[in-house]
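The primary structure of each chain is shown beneath.
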Amino acid sequence: MADSTGARSESDLPIEPVYDASALEGFDPDVKLGAPGRYPFTRGVYPSMYTGRPWTMRQYAGFGTAKESNERYHQLVKAGTGGLSVAFDLPTQMGYDSDEPIAHGEVGKVGVAIDSLDDMRTLFDGLPLDTISTSMTINAPGSTLLLLYQLVAEEQGVPGDKLTGTIQNDVLKEYIARGTYIYPPRESLRLIADIFAYCHKEMPRWNTISISGYHMAEAGATPVQEIAFTIANAIEYVRAAEAAGLHVDDFAPRLSFFFVARTTLLEEVAKFRAARRIWAKIMKEQFGAQNPKSMMLRFHTQTAGVQLTAQQPEVNLVRVALQGLGAVLGGTQSLHTNSFDEAIALPTEKAARLALRTQQVIAYETDVTKTVDPFAGSYVVESMTDDIEEAALALIQRVEDLGGAVAAIEQGFQKSEIERSAYRVQLEIDSGERTVVGVNRFTLDQEERYDPLRVDPTIEADQRARLEALRADRDQAVVDAALGRLKDAARGTDNLLYPMKEALAARATGGEVAHALREVWGVYQPRETF
Ligand SMILES: CC(C)(COP(=O)(O)OP(=O)(O)OC[C@H]1O[C@@H](n2cnc3c(N)ncnc32)[C@H](O)[C@@H]1OP(=O)(O)O)[C@@H](O)C(=O)NCCC(=O)NCCSC(=O)CCC(=O)O
């Protein structure tokens, strides 16, 4: 291994200037790799990987009203996207309606505003929910949006067992890095276990959670921290579901993951391979899973937004191509490539199309899809995979020693470790030790003007008007009764999703559902650590 003066990876692990056969001394490919599609899945979750089917090109999109977002989805489908991915605005993500004072100024900004079944119907108008898979980036109110989706599908004549997609539903990382939590951790875990049980019965093809390292990475986590904290959260979810009486093989096949892809391509490929191996072993050895699908770490990837620059934004096209290539070489199941203008504002239609084209070039103009796991056996990538696995396992153990992910969150552990890493990177950029092209080297004297997309400010008023009409039009007594049954379930142990679905079908709003649960469970108060 390199001495302390040698190159270091993003995870602060040594990188040798040259790797040779000695790096793989004692390396047993049968144990470390297995065949593609076989335990421990280091080489990928499917035997044929992209030679059988390309990854899902799934571009995250949504802004303004349901109608505008619906138009963008139709454009993306026309441009060849393989699956939908819905971005919701902050009020929707926090369980507030568009007409609440706290929502003012945020309606439709970072995603689409969805208040009720009426909005959801508009959002998916003309999109065939029996054939398209849809991911929804929604966490604390994940159950609400999932049920609205199911209700719209039922109106289209598509039953729950035909529906494919994913809700993010990963509240633990919200406490650590992203911030859109509502309820305290223990109640959130109970809701998540109810979602697992509901989907097992009613929507068996749905991916019930997307356990995410992406946002931790955006907040500054290193690759090792990203996968270690994500897997530690996943362990917590498995325990919560088991405690609720579910059998591991009844829900684990539908757990999915979400990671970042940085420009440091070699380490990223190693990270993805290590993550698969770690998860497979944990599920088999620690949780006694029997179904190989329970051991498969299937993941979505988004290219690293934090690496994009507002300066010379077209350079971001190059960064995204490299990041996307890393994700594919690492065996991702689904990929979002960022638009080059994302460091400035919401992507324009042209920028969104170019981002999709980037994936299409990787898929159809390179040769990396023609053979499975092309880096297998590489001196450097296998060494890095081992190093990352070892470091990540040690960090998972530290979380376990603190009492598991929830206890560690309550002690502020993950957040402060990530902040330390972010600080280190910022110091390196400020001192010039780390080059960011166009920012601290190769800069322009005068940046070109760039006209970003702006959200129409009148949409908040439109959304309010729609809510007023909905409240005047619906049968309030039916809504109140259903919300009452939801609160009773929250006080007791019955699965919450059944009364929640009744309330939403009666046109209760997302805000009303969240308020009902707030009333019973209270809200999470974060602990500040320095
Ligand atoms: C599991 C994944 C990762 C991918 O699901 P997909 O449906 O796309 O892919 P998949 O499951 O791999 O493949 C679909 C079907 O094809 C089959 N299949 C695929 N490849 C195969 C092959 N080579 N051989 C045989 N079968 C194969 C699979 O078994 C599966 O069928 P079966 O199902 O029948 O087995 C899912 O969770 C997902 O799509 N996640 C997306 C998450 C996302 O978009 N998040 C956006 C976050 S955006 C965000 O957070 C932004 C930042 C912010 O807002 O803060």
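The structure displayed is predicted, hence computed values, not measured ones. (Residues numbered from 1 in each chain as written. Predicted model: local features only at pLDDT ≥ 70, side-chain atom pairs only at ≥ 80, totals over all residues. Heavy atoms only, no water.)

Caption draft 1: Just the pattern of salt bridges, in detail. A complete count under the given rule lists 39 salt bridges for this structure. Note that Glu400 is salt-bridged to Arg239, the shortest N-O span being 2.5 Å. Pair noted here: Glu400 is in helix 16 (residues 379–401) and Arg239 is in helix 10 (residues 223–243), with a separation of 161 residues, a long-range link. A relative accessible area of 22% places Glu400 in the partly exposed class. Here Arg239 falls in the partly exposed class, since its relative accessible area comes to 30%. Measuring nitrogen to oxygen at the nearest pair gives 3.2 Å for the salt bridge that ties Glu268 to Arg262. The exposure class of Glu268 is buried, given its relative accessible area of 0%. Salt bridges here are not isolated pairs; linked through shared partners, they connect Lys32, Arg277, Lys281, Asp386 and Glu389. (Salt bridge = Lys/Arg side-chain N within 4 Å of Asp/Glu carboxyl O. Helix = DSSP H or I, 4+ residues; strand = E, 2+ residues; numbered from the N terminus. Buried < 20%, exposed > 50% of the residue type's maximum accessible area, 1.4 Å probe, protein only.)

Caption draft 2: Expanded view of the layout of surface pockets. In this structure, the second largest pocket occupies an estimated 700 Å³ of space. Val306, Gln307, Val425, Ile429 and Arg434 are the residues nearest the centre of the second largest pocket, which is lined by 30 residues in total. When contributions to the lining of the second largest pocket are tallied by element, the ones reaching two or more residues are helix 9 (214–218), helix 14 (315–329) and helix 18 (413–431). (1 Å grid on protein atoms, 1.4 Å probe; cavity = no way out; pocket = protein on both sides within 12 Å on 5 of 7 lines; lining within 4 Å. Points joined across faces, edges and corners; volume = space filled by probe spheres on them.)

Caption draft 3: Layout of helix 3 (residues 66–79). Taking 1.5 Å of rise per residue, 14 residues should cover 20 Å, and helix 3 covers 20 Å from first to last C-alpha, within 8% of that figure. Every buried residue belonging to helix 3 is among Ala66, Ser69, Asn70, Arg72, Tyr73, Leu76 and Ala79, and all of these are buried. Note on helix 3: the residue one or two positions beyond its end, Gly80, has a positive phi of about 105 degrees. (Expected span 1.5 Å × (residues − 1).)

Caption draft 4: Inspection of the UniProt feature "domain: Methylmalonyl-CoA mutase alpha/beta chain catalytic" (unreviewed entry) in the protein chain at higher detail. Mapped onto this numbering, the UniProt entry gives "domain: Methylmalonyl-CoA mutase alpha/beta chain catalytic" (unreviewed entry) at residues 9–522. Structurally, residues 9–522 comprises 51% helix and 8% strand, and the distance from its first C-alpha atom to its last is 43 Å. (UniProt positions renumbered as here; feature names shortened; annotations may be inferred.)

Caption draft 5: The packing of aromatic side chains, seen in detail. Scanning all chains against the criterion turns up 16 aromatic pairs. Ring geometry for Tyr175 against Tyr524: centres 4.5 Å apart, planes inclined by 65 degrees, an arrangement best described as edge-to-face. Highlighted residues: Tyr175 in helix 7 (residues 171–178) and Tyr524 in the segment after helix 22 (510–521), separated in sequence by 349 residues. For the residue pair Tyr175 and Tyr524, the accessibility class agrees, reading buried in each case. One aromatic cluster is present, built from ring pairs that chain together Phe257, Phe259, Phe272, Trp279 and Phe299. The residue whose ring lies beneath Lys284 is Tyr39, and the NZ or CZ to ring-centre distance is 4.4 Å. Directly above the ring of Tyr96 sits Arg518, whose terminal nitrogen or CZ lies 4.4 Å from the centroid. (Phe/Tyr/Trp six-rings, centres within 6.5 Å; stacked < 30°, edge-to-face > 60°. Lys NZ or Arg CZ within 6 Å of the ring centre and 35° of its normal.)

Caption draft 6: The packing of helix 16 against helix 18, seen in detail. At their nearest, the axes of helix 16 and helix 18 sit 11 Å apart, and the two run at 140 degrees to each other. For the pair helix 16 and helix 18, the contacting residues are Leu395, Arg398 and Val399 in the first and Phe413, Gln414 and Glu417 in the second. Each residue belonging to the contact of helix 16 with helix 18 can be placed in one class, and the counts come to three nonpolar, one polar and two charged. (Axes fitted to C-alpha atoms, helices over the stretch in contact; angles between N-to-C directions. Contact = heavy atoms within 4.5 Å. Nonpolar A, V, L, I, M, F, W, Y, C, P; charged D, E, K, R; others polar.)

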